[in-house]
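Geometric and topological summary
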Amino acid sequence: MLLGGCGLLPEQVDETAGWNAQKLYSEAKASMSEGGYERAVTLFEKLEARYPYGRFAQQAQLEVAYAYYKQGEQALALAAADRFIKLHPNHPNVDYAYYLKGLVNFNEDLGLLAGLSRQDLSERDPKGAREAFDSFRELVERFPESRYADDSRARMQYLINSLASHEVHVSRYYYNRGAYVASINRAQTAVNNFPQAPAIEEALFLMVMSYDKLGMAQLRDDADRVMRKNFPDSVYFRGGPEDDRPWWQLW
């Protein structure tokens, strides 16, 4: 009886049957504006399947990436953006695909970077931040006049500061545990890769302190000279006229 009853159920009707490419695109965009990203993705995919050629299909591929991004589907958003870049490297809006890749990784990693002081990151690598930086950099280099270029540059600067802070955080972690060689290596990475970041002041401080702990006086003094040249009023310099000891002995 159950099997027989199934035949009495009405067939599911596809509301989009007979819609042309423009109608599918317009309805999908309307769903996006109302926050209906799942329906928008479905409509964009139908558009591409039914009308694979033409400007609506190409734009739908890019819109799908954005819809996935708004849904919080980072992996799907990145895959869709990469697909668009591969299929349409000379499309007028390909700069947005690079920008969207940067946004996906930027926002995915923002929580990690914002909470550095509360996490033990000695074994963690902010991969998303580096990938975001690479996407923004590629956009700026390939499309310096893009409408997204200025925002990408601002985000790149934020990422530079955050990545430098990450390296210094790890360096400090190793220093506090007596792993002075590891501390020097991570501080040196920050100095070499992010020389203009504010965190470099602490990176040099950790290098001076670590070299002193290891009894490597020449390298300590070299790091001290670099620190004095770049940060003459550093908060890490202690002592005064009445105390002739080097500042690193006062910590």
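Predicted, not measured: the structure shown is a model, and the values here were computed from it.

Taken as a whole, the largest pocket holds about 160 Å³ of empty space. Looking at the largest pocket, the residues that line it are R130, F133, D134, I160, L163, N193, F194, P195 and Q196. Those elements giving two or more residues to the lining of the largest pocket turn out to be helix 7 (127–142) and helix 8 (149–176). The element contributing the most residues to the lining of the largest pocket is helix 7, with three residues. Partitioning the lining of the largest pocket into residue classes produces five nonpolar, two polar and two charged.

Further remarks concern a nonpolar patch on the surface. A cluster of nonpolar residues, V181, L214, M216 and L219, forms a patch on the protein surface that exposes about 310 Å² of accessible area. Its place among the elements puts L214 in the loop between helix 10 (200–213) and helix 11 (217–230).

Compared with an ideal rise of 1.5 Å per residue, which puts 28 residues at 40 Å, helix 8 spans 40 Å between its outermost C-alpha atoms and is within 8% of the ideal. Just downstream of helix 8 lies G178, where phi reads positive at about 80 degrees.

Time to look at the pattern of salt bridges. For the structure shown, the criterion picks out 17 salt bridges. Between D82 and K101 there is a salt bridge, with the nearest N and O atoms lying 2.8 Å from each other. Taken together, the residues span a long stretch of sequence, with D82 in helix 5 (residues 74–87) and K101 in helix 6 (residues 94–114) at a distance of 19 residues. A salt bridge links R153 to D150, with the shortest nitrogen-to-oxygen separation between them at 2.9 Å. In this pair, R153 and D150 are both assigned in helix 8, three residues apart and thus about one turn of the helix distant. Classification of D150 by relative accessible area gives exposed; the value is 59%. In the salt-bridge network here, residues are joined through shared partners; they are E15, K23, E27 and R39.

A few words now on the packing of aromatic side chains. As enumerated under the stated definition, the model contains 18 aromatic pairs in all. Between Y236 and W251, the ring centres sit 5.8 Å apart and the planes meet at 45 degrees, which makes this aromatic pair tilted. One end of the pair, Y236, is in the segment after helix 11; the other, W251, is in the segment after helix 11, with 15 residues separating them in the sequence. Taking the relative accessible area as the measure of exposure, Y236 reaches 16% and is therefore buried. On the accessibility criterion, W251 (41% relative accessible area) is partly exposed. Its guanidinium or amino end placed over the ring of F56, R55 lies 4.3 Å from that ring's centre, counting from NZ or CZ. Stacked on the ring of F237, the Lys or Arg R228 has its end atom at 4.7 Å from the ring centre.

Positionally, V191 belongs in helix 9 (residues 180–193). In this structure the C-alpha to C-alpha distance between V191 and V168, which are 23 residues apart in sequence, comes to 9.4 Å. Residues in contact with V191, not counting those within four places in the same chain, are I200, A203, L204 and M207.

What counts as what
Along each chain, the written sequence defines residue order, and numbers are assigned to residues from 1. Where local features are concerned, this predicted model is filtered to residues with pLDDT of at least 70; where side-chain atom pairs are given and counted, the filter is 80 or more; whole-chain, interface and lining totals use all residues. Side-chain descriptors were evaluated using all non-hydrogen atoms of the structure, hydrogens and water having been removed beforehand. Points on a 1 Å grid over protein atoms alone make up a cavity when a 1.4 Å probe fits among them but cannot get out, and a pocket when they form an open set with protein on both sides within 12 Å along at least five of seven lines; lining residues each have an atom within 4 Å of a point. Grid points are joined across faces, edges and corners, and a volume is the space filled by probe spheres set on the points. Elements are defined by DSSP. Helices are runs of H or I of four residues or more, strands are runs of E of two residues or more, and each kind is numbered from the N terminus. For this classification, Asp, Glu, Lys and Arg are treated as charged, while Ala, Val, Leu, Ile, Met, Phe, Trp, Tyr, Cys and Pro are nonpolar and the rest, including Gly, are polar. Residues with no salt bridge and a relative accessible area higher than 30% make up the patches, which join like charges within 9 Å and nonpolar side chains (Val, Leu, Ile, Met, Phe, Trp, Tyr) within 5 Å. Residue-level accessible areas treat just the shown protein chains as cover; the underlying method is Shrake-Rupley with a 1.4 Å probe. By definition here, a salt bridge exists when the distance from a side-chain nitrogen of Lys or Arg to a carboxyl oxygen of Asp or Glu is within 4 Å. In a helix, the anticipated span is given by 1.5 Å times the number of residues less one. For each residue, the accessible area found with a 1.4 Å probe, counting protein chains only, is set against the maximum for its type, and the residue is called buried under 20%, exposed over 50%, and partly exposed in between. Centres within 6.5 Å are what make two rings of Phe, Tyr or Trp a pair, Trp counting through its six-membered ring; a difference in plane orientation under 30 degrees is then read as stacked, over 60 as edge-to-face, and the rest as tilted. In this analysis the charged atom, NZ for Lys or CZ for Arg, is taken to sit over a ring once it is within 6 Å of the ring centre and within 35 degrees of the ring normal. The contact definition used throughout considers only heavy atoms, calling two residues in contact when any of these lie within 4.5 Å.

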